[in-house]
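The primary structure of each chain is shown beneath.
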Amino acid sequence: MKRTTLFLLTAMMTANSLIAQTATSMDTTSVLNPTVYLDSIAQGYGTADKTVISLEDDPLSGRVRSRFTIVPFEAEQPERLNALSSLIAKANQAFGSHMHGCYSFGSIKEGSPHESYVTYIGDTKADKLTILEKEETVNLTFMERKDSDDPTLRWFYGIKWKKATGGSICGTVYIILSKRPDLVTDANELTQAAQRTTVHPATMIGEDIKASLDDTTKEKIIMLERLLSRYEEELRRLRNEREFARNSNSITLVNSITSQMEDLMKKRRETLDMLHKIVIRASAKN
């Protein structure tokens with residue numbers, strides 16, 4: 001029996017809860033765990049109004065397909081500068097101690113020549129994030145590890161920082177879970193694959209089972225299919241509106257649209273559950 005393939009959608013989560021979840025993806029009992037220090041830097045020095053957090057899941061299985069947390073941070077006061085400098089130094093040391101357990105590791109010191117560094121945050125090459133511009137003069141340390149639960153996914157942990165004018169320190173923490181870069185494909189290839197494999201929930205019922213369904217059950221299936229179709233159309237519209245809001249740097253509008261999408265995704269999951277129950281009952285009778 002074929003499974004339904006659904007488009008994945010992005011939903012926002014609170015910074016502290018998502019950072020706490022990402023920190024558990026590695027052994028947090030070690031004092032030399034990079035995520036411990038990244039978590040402390042993000043929570044203690046992060047700029048909340050500039051933080052970007054996203055979660056993309058499969059509404060059918062509930063499994064997370066990608067998530068990313070991008071937290072700009074800064075400190076100016078002497079006492080905070082000293083504490084932040086210490087955390088960054090410990091994070092950098094922790095990255096070095098874990099580099100042998102990674103399949104990708106990199107470290108760039110401020111002032112050294114480098115190229116732009118880009119990583120992927122989704123299923124296609126169009127879903128990319130520039131971590132470091134070629135002309136940036138900063139420090140950057142990062143590593144990538146395969147996800148222990150799903151080997152097709154990988155965790156990216158990174159921190160970049162520099163001393164700004166006046167002695168202040170500013171930078172960004174990156175925590176990303178997404179498809180391994182070597183498995184990322186072109187957007188058009190993914191679309192073509194989806195068109196070949198996507199199956200509507202109703203088509204999971206064999207023709208022999210369909211013939212045995214009573215009119216009331218058939219009407220329920222048709223109604224639920226139409227409802228799912230409307231949800232998909234509305235989600236596509238909201239996704240386009242949110243992208244426009246992001247390009248306009250309207251964080252408040254982005255959050256408002258995301259909240260609407262979360263409500264709609266919940267309704268879609270409930271509708272899918274109802275449809276699946278009908279399918280299971282129909283299959284059991286035959």
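All of these numbers come straight from a predicted model, not from anything done at the bench. Throughout this description, residue numbers start from 1 for each chain and increase along the sequence as written. With pLDDT at 70 or above as the cut-off, local features in this predicted model cover only qualifying residues; side-chain atom pairs require 80 or more to be listed or tallied, and sums for whole chains, interfaces and linings still use all residues. Side-chain calculation: all heavy atoms of the structure are included, whereas hydrogens and water are not.

Visitor: Teacher, can you tell me more about the overall build of the protein chain here?
Guide: In DSSP terms, a helix is any run of H or I states spanning at least four residues, a strand is any run of E spanning at least two, and both are numbered starting from the N terminus. A count of helical and extended segments in the protein chain gives seven helices and nine strands. By definition, residues are in contact when any of their heavy atoms lie within 4.5 Å. Within the protein chain, counting contacts between residues at least 6 apart in sequence, those at least 24 apart form 67% of the total. Exposure was quantified through the Shrake-Rupley algorithm and a 1.4 Å probe, taking into account, for residues, occlusion by the shown protein chains and nothing else. Within the structure as shown, the protein chain displays about 15,800 Å² of accessible surface, and the carbon and sulfur contribution to it stands at 51%.

Visitor: I'm lost on the packing of aromatic side chains in this one. Help?
Guide: To describe a pair of aromatic rings, you give the distance between the ring centres and the angle between the ring planes. Stacked, edge-to-face and tilted labels apply to pairs of Phe, Tyr and Trp rings (six-membered ring for Trp) whose centres lie within 6.5 Å, assigned for plane angles under 30 degrees, over 60, and everything in between, in that order. Taken as a whole, this structure holds four aromatic pairs when the rule is applied. Taken together, a centroid distance of 5.6 Å and an interplanar angle of 15 degrees make the contact between phenylalanine 142 and phenylalanine 156 stacked. Of this pair, phenylalanine 142 sits in strand S7 (residues 139–146) while phenylalanine 156 is found in strand S8 (residues 153–163), placing the two residues 14 residues apart along the sequence. Measuring from ring centre to ring centre gives 5.9 Å for tryptophan 155 and tyrosine 157, while their planes differ by 10 degrees; the resulting arrangement is stacked. Note on tryptophan 155: relative accessible area 6%, which makes it buried. The classification of residues rests on relative accessible area computed with a 1.4 Å probe and restricted to protein chains. Under 20% of the type maximum is buried, over 50% is exposed, and intermediate values are partly exposed.

Visitor: Just to check I follow, could you spell out the pattern of salt bridges for this structure?
Guide: Basic side-chain nitrogens of Lys or Arg form a salt bridge, by our definition, when they fall within 4 Å of a carboxyl oxygen of Asp or Glu. Under the counting rule described, the total for this entry stands at six salt bridges. Salt-bridge contacts for lysine 160 lead to glutamate 136; the nearest nitrogen and oxygen are separated by 3.0 Å. Of this pair, lysine 160 sits in strand S8 while glutamate 136 is found in the loop between strand S6 (128–132) and S7, placing the two residues 24 residues apart along the sequence. Exposure remark for glutamate 136: the relative accessible area of 23% places this residue in the partly exposed category. Each of the salt bridges in this network shares a partner with another, and the network as a whole consists of Glu234, Arg237 and Glu241.

Visitor: So what exactly am I meant to see when it comes to the environment of leucine 38 here?
Guide: Note that leucine 38 resides in helix H2 (residues 34–45). Accessibility expressed as a relative area gives 0% for leucine 38, which makes it buried. Distance from leucine 38 to tyrosine 157, taken between C-alpha atoms, is 8.5 Å for residues 119 residues apart in sequence. When near neighbours in sequence (up to four residues on either side) are disregarded, leucine 38 contacts Phe95, Tyr157, Gly158, Ile159, Val173, Tyr174 and Ile175.

Visitor: Is there a simple way to explain helix H3 (residues 78–98) in this structure?
Guide: An α-helix turns once every 3.6 residues. As a result, residues three or four positions apart point the same way. One fewer than the residue count of a helix, multiplied by 1.5 Å, yields its expected span. Between its first and last C-alpha, H3 extends 30 Å over 21 residues, near the 30 Å set by a 1.5 Å rise per residue. Looking at H3, one finds that the buried residues are Leu81, Leu84, Leu87, Ile88, Ala91, Ala94, Phe95 and His98. Here the buried residues of H3 occupy an arc of 155 degrees about the axis, which is enough to place them on one side. Exposed residues pointing more than 90 degrees away from the buried face of H3 are listed as Pro78, Glu79, Asn82 and Gln93. Those residues of H3 that are buried lie in contact with H2, strand S3 (64–75), strand S4 (104–108), S7, S8 and strand S9 (169–179). Taking the helix axis as origin, the arc is that swept by the directions to the C-beta atoms.

Visitor: I would appreciate a short explanation of the nonpolar core in the present structure.
Guide: What tends to happen in soluble globular proteins is that the nonpolar side chains get buried as a cluster. Of all hydrophobic cores here, the largest spans 26 residues; its most connected members are Ile41, Phe73, Leu84, Ile88, Ile159 and Val173. Per-element tally for this core: the top contributor is H3, with seven residues. Not counting the four nearest positions on each side in its chain, isoleucine 88 is found in contact with Ile41, Phe73, Ile159, Trp161 and Ile169. Core analysis: the second largest hydrophobic core is formed by 14 residues, Phe68, Ile108, Leu140 and Tyr174 among them. Nonpolar cores were defined as sets of buried Ala, Val, Leu, Ile, Met, Phe, Trp, Tyr and Cys residues, with membership established by side-chain atoms within 4.5 Å.

Visitor: What should I look at first to understand the packing of H2 against H3 in this one?
Guide: To describe two helices that pack against each other, one gives the angle between their axes and the distance between the axes. To obtain an axis, a line is fitted to C-alpha atoms, over the contacting stretch when the element is a helix, and the angle between two such axes runs from 0 to 180 degrees between their N-to-C directions. Viewed as axis vectors pointing N to C, H2 and H3 meet at an angle of 155 degrees, and their least axial separation amounts to 8 Å. In this view, H2 runs roughly antiparallel relative to H3, as classed from their interaxial angle. Both H2 and H3 take part in a crossing whose hand is left-handed. Between H2 and H3, the contacting residues are Pro34, Tyr37, Leu38, Ser40, Ile41, Gly44 and Tyr45 on the first element and Arg80, Ala83, Leu84, Leu87, Ile88, Lys90, Ala91, Ala94, Phe95 and His98 on the second. Asp, Glu, Lys and Arg are counted as charged, while Ala, Val, Leu, Ile, Met, Phe, Trp, Tyr, Cys and Pro are counted as nonpolar; the rest, among them Gly, fall into the polar class. Partitioning the contact of H2 with H3 into residue classes produces 12 nonpolar, three polar and two charged. Just so you know how the angles are binned, under 35 degrees is roughly parallel, over 145 roughly antiparallel, 65 to 115 roughly perpendicular, and the rest oblique. Crossing handedness follows the turn of the near helix against the far one: under a right angle anticlockwise gives a left-handed crossing, and clockwise gives a right-handed one.

Visitor: So what exactly am I meant to see when it comes to the side chain of asparagine 139 here?
Guide: As for its position among the elements, asparagine 139 is in strand S7. Owing to a relative accessible area of 13%, asparagine 139 belongs among the buried residues under this scheme. In protein, a polar contact requires one atom able to donate a hydrogen and another able to accept it; more generally it is a pair of N or O atoms within 3.5 Å, and residues adjacent in sequence count only if both atoms are side-chain atoms. From its side chain, asparagine 139 meets the backbone nitrogen of glutamate 110 in a polar contact 2.9 Å long. Ignoring anything within four residues of it in the chain, the contact list for asparagine 139 reads Ile108, Lys109, Glu110, Ile159, Lys160, Trp161 and Lys162.

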